[in-house]
Amino acid sequence: MSAPVSAAGAWMRIRGLTKSFAGELALDRADLDIERGRVHGLVGANGAGKSTLIRCLAGVTSPDQGSVTIAGNELQLGTPKASERAGLAFIHQELNLIPHFSALQNMLLGAPKVTRFGMIDWKRSGVAARAAAERVGIRFPLDTKVSELSVAQRWLVMIGKALTRDASMIAMDEPTASLSAPESEQLFAIIRDLAAQGVAILYVSHRLEEVLQLCDRITVLRDGRIVSQAERGALDKKGLVRAIIGHAIRTPDERDRLAPDRSRQPVFSARSIAWKQAVKDVSLDLYKGEVLALGGLVGAGRTEFAHLVAGLARPEAGHFELDGKRLNVANPSEAVETGIALVPEERRSQGVMLQQSVAFNINISTLKLLRSVPGLPFLSDAKGRRQAESLVAHLGIKTPSVTARIAGLSGGNQQKALIARWLNAGTRLLILDEPSRGVDVGAREEIHDAIRALARSGVGILVISSDVEELTLLADRVLVMREGRITGELTGADITEAHIIELSYHDAHDDQGEAA
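Values in this document were obtained by computation on a predicted structure and should not be read as measured data.

A.B. asks: Can you help me understand the pairing of strand β1 (residues 12-21) in this one?
C.D. replies: Along any regular strand, the residues point their side chains to alternate faces of the sheet. Bridge count for β1 against strand β4 (residues 65-70) is five bridges, and the pairing is antiparallel. Paired with R13 across the two strands is T69, which belongs to β4. Taken together, β1 and the strand that follows it, strand β2 (residues 24-34), pair antiparallel across an intervening segment of two residues, in which A22 is found at a positive phi of about 50 degrees.

Have a look at this one:
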């Protein structure tokens, strides 16, 4: 373990912070200094201890031992109000906003308000909020309902809310996960400006390039311990990955790609598929054993194409084939019966059922196999537990037990549970939309290994990803889409980030109807 980087003028000092859950160490004697006016990166694999550290700082979780001092005063741990009074603000990935409230009302939630004749005087109460809005560059009217704002604008509301309370430190969890590249750059400019004004930023992200670019200091957690602390420029991406997972990962040049046997019948085919203006004359073949990926920019039509395959909508022209048989799928239920499954982009809202157990989430697609007596609507708990435990072991899902609520698992393990859901369901084609979004580099490698193993077992795999690096690491073949059309195909050594980006901006009309 590297020695802690101690800042002589540190505003916050964290010493010996330790927390266990059910006898398992989640945070192990963490020592960390945070200075005002600097961006401090916090990285690590899912389950490394980042969330536990932040929850302790927020007062949501009480540590077993350790202390936190702010400007020389000891912080009362385990009480959110004490953290708020100390000037600590926390913005989580799932933004805690009320959609039907205005931006101003959300910014003032929980803050003292000026009243007149027993009514809130929003104009006078909003003076600090309007000043905060100006600091972060909010250009839209503050009486706009949050439901009408983009994700990037909602982030500005949350930052403004923190500044309204005169926050001295703002912790941000995966702030760019749902932002476009221009929106991310706008956020980075705001973060740098806040740091220049003396605000401490605690920045948590799995996107290592932006951590290296943005942060003045980076702290790496692994298995609850701080294993590395480095100033800007001391680590490159390879060194940061090695610190996070404890070993180097394969590069695109080091992995074997399968060259499909195109003389054989494809597992899945699309023929001249069209739908509204989103999908235009798309044809492709997916062969046994390969991982076929769809690349392209957001809005290129890839997700819409996946939804057509999965029965969420019906093509206006063209047809699909599975194992050589023409399909006529009217809805998702029929698609599943046919052998087509979708792991959606929005894992938490569209995939897992957060309040249910790991076993429930895995077994939901195969309830017929778990009947106590064939033909009768009674399920065997023992069969369900055995099936879930087998799949948990097969995919290396980290969970205390299959009866634990899936909400308590990391994002990577939730994603593996979604994949496990379809392993015993007779799936012939598995579509994965943004399979590693919001997971760390170690979990991403494990998910990729699981996807490749599924493909080699004969399941057709269609991957959609906006992460061009992921495409180079995972895919055996890449089809790039732009404006609803396929603009090119990449195989073997041609699968590079540069080629994928080039085809993403290629004029689709030059190659109308190009197919794999």
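A.B. asks: In this structure, what is going on with helix α5 (residues 127-135)? I would like to understand it.
C.D. replies: Structural remark: α-helix, 3.6 residues per turn; residues separated by three or four positions point the same way. Among the residues making up α5, those that are buried are A129, A132 and A133. Buried residues of α5, seen end-on, are gathered within an arc of 105 degrees and therefore sit on one face of the element. Opposite the buried face of α5, at more than 90 degrees from it, the exposed residues are V127 and E134. On the buried face of α5, the contacting elements are α3 (103-107) and α6 (151-164). Just beyond α5, the residue with positive phi is G137, at close to 80 degrees.

A.B. asks: How do you make sense of the pattern of salt bridges when you look at a structure like this?
C.D. replies: In a structure, side chains of opposite charge can pair up when their charged atoms sit close to one another. Summed over the entire model, instances satisfying the criterion amount to 25 salt bridges. E290 is the partner of R477 in a salt bridge, and the nearest nitrogen-oxygen pair spans 2.6 Å. With R477 in strand β21 (residues 477-482) and E290 in the loop between β14 (279-286) and β15 (291-296), this residue pair connects regions lying 187 residues apart in the sequence. Since its relative accessible area comes to 1%, R477 is described here as buried. Residue classification places E290 among the buried positions, given a relative accessible area of 0%. Between R477 and E489 there is a salt bridge whose closest N-O contact spans 3.3 Å. In this pair, R477 is assigned in strand β21 and E489 in strand β22 (residues 485-491), connecting sequence segments 12 residues apart. One continuous salt-bridge network, built from bridges that share partners, spans E209, K237, R444, D467 and E469.

A.B. asks: Explain the domain arrangement of the chain here, please?
C.D. replies: Where interface size is quoted, it is often the accessible area lost as the parts come together. Each assigned domain of the chain is listed here: domain 1 (12-245), domain 2 (250-339 + 430-435 + 460-509) and domain 3 (342-425). Taking only C-alpha atoms, the centre of domain 2 and the centre of domain 3 are 26 Å apart. Opposite the 12 residues of domain 2 that make contact, domain 3 presents eight residues. Across the domain 2/domain 3 interface, buried area totals approximately 860 Å², and carbon plus sulfur atoms make up 63% of it.

A.B. asks: Teacher, can you tell me more about the pairing of strand β9 (residues 169-173) here?
C.D. replies: With four of five residues buried, β9 lies mostly within the body of the structure. Taken together, the four bridges between strand β6 (residues 88-91) and β9 define a ladder with parallel strand orientation. Residue I91 lies in a different strand from β9, and its bridge partner there is M172. Judged from the five bridges that link them, β9 and strand β10 (residues 200-204) form a sheet pairing that is parallel. Within β10, the position partnered with M169 by the bridge is A200.

A.B. asks: What exactly am I supposed to notice about the side chain of N361 here?
C.D. replies: One can find N361 in helix α13 (residues 358-363). A polar atom in the side chain of N361 sits 2.9 Å from the backbone oxygen of S357. In contact with N361, not counting residues within four places along its chain, are V352, M353, Q356, I406 and R421.

A.B. asks: In this structure, what is going on with the sheet that holds strand β13 (residues 268-275)? I would like to understand it.
C.D. replies: Strand pairing in a sheet takes place through backbone hydrogen bonds and is either antiparallel or parallel in direction. Reading across from one edge, β14-β13-β16-β17 is the order of the four strands in this open sheet, with antiparallel pairing throughout. At either margin of the open sheet sits one strand with a lone partner, and together these are β14 and β17 (325-326). Each of β13, β14 and β16 (317-322) is contacted by helix α10 (residues 302-309), which is oriented at about 115 degrees to β13, the strand it contacts most.

A.B. asks: Where do I start with the sheet that holds strand β19 (residues 429-433) in this structure?
C.D. replies: On the basis of which strands lie adjacent, the open sheet formed by six strands has the order β18-β19-β20-β15-β21-β22 and mixed pairing. Unpaired on one side and paired on the other, β18 (340-343) and β22 mark the two borders of the sheet. Taking each pair of neighbouring strands and ignoring which way they run, the sheet shows an average axis angle of 20 degrees. Two elements, β19 and strand β20 (residues 460-464), share five bridges in a ladder whose sense is parallel. Residue pairing for β20: I431 is matched across the bridge by L462.

Analysis parameters
Residues numbered from 1 in each chain as written. Predicted model: local features only at pLDDT ≥ 70, side-chain atom pairs only at ≥ 80, totals over all residues. Heavy atoms only, no water. Pairing = 2+ DSSP bridges. Helix = DSSP H or I, 4+ residues; strand = E, 2+ residues; numbered from the N terminus. Buried < 20%, exposed > 50% of the residue type's maximum accessible area, 1.4 Å probe, protein only. Arc of directions from axis to C-beta. Contact = heavy atoms within 4.5 Å. Salt bridge = Lys/Arg side-chain N within 4 Å of Asp/Glu carboxyl O. Domains from an automatic or database assignment. Buried area = accessible area lost by both parts, 1.4 Å probe. Polar contact = N/O pair within 3.5 Å; in protein donor to acceptor, adjacent residues only side chain to side chain. Axes fitted to C-alpha atoms, helices over the stretch in contact; angles between N-to-C directions.

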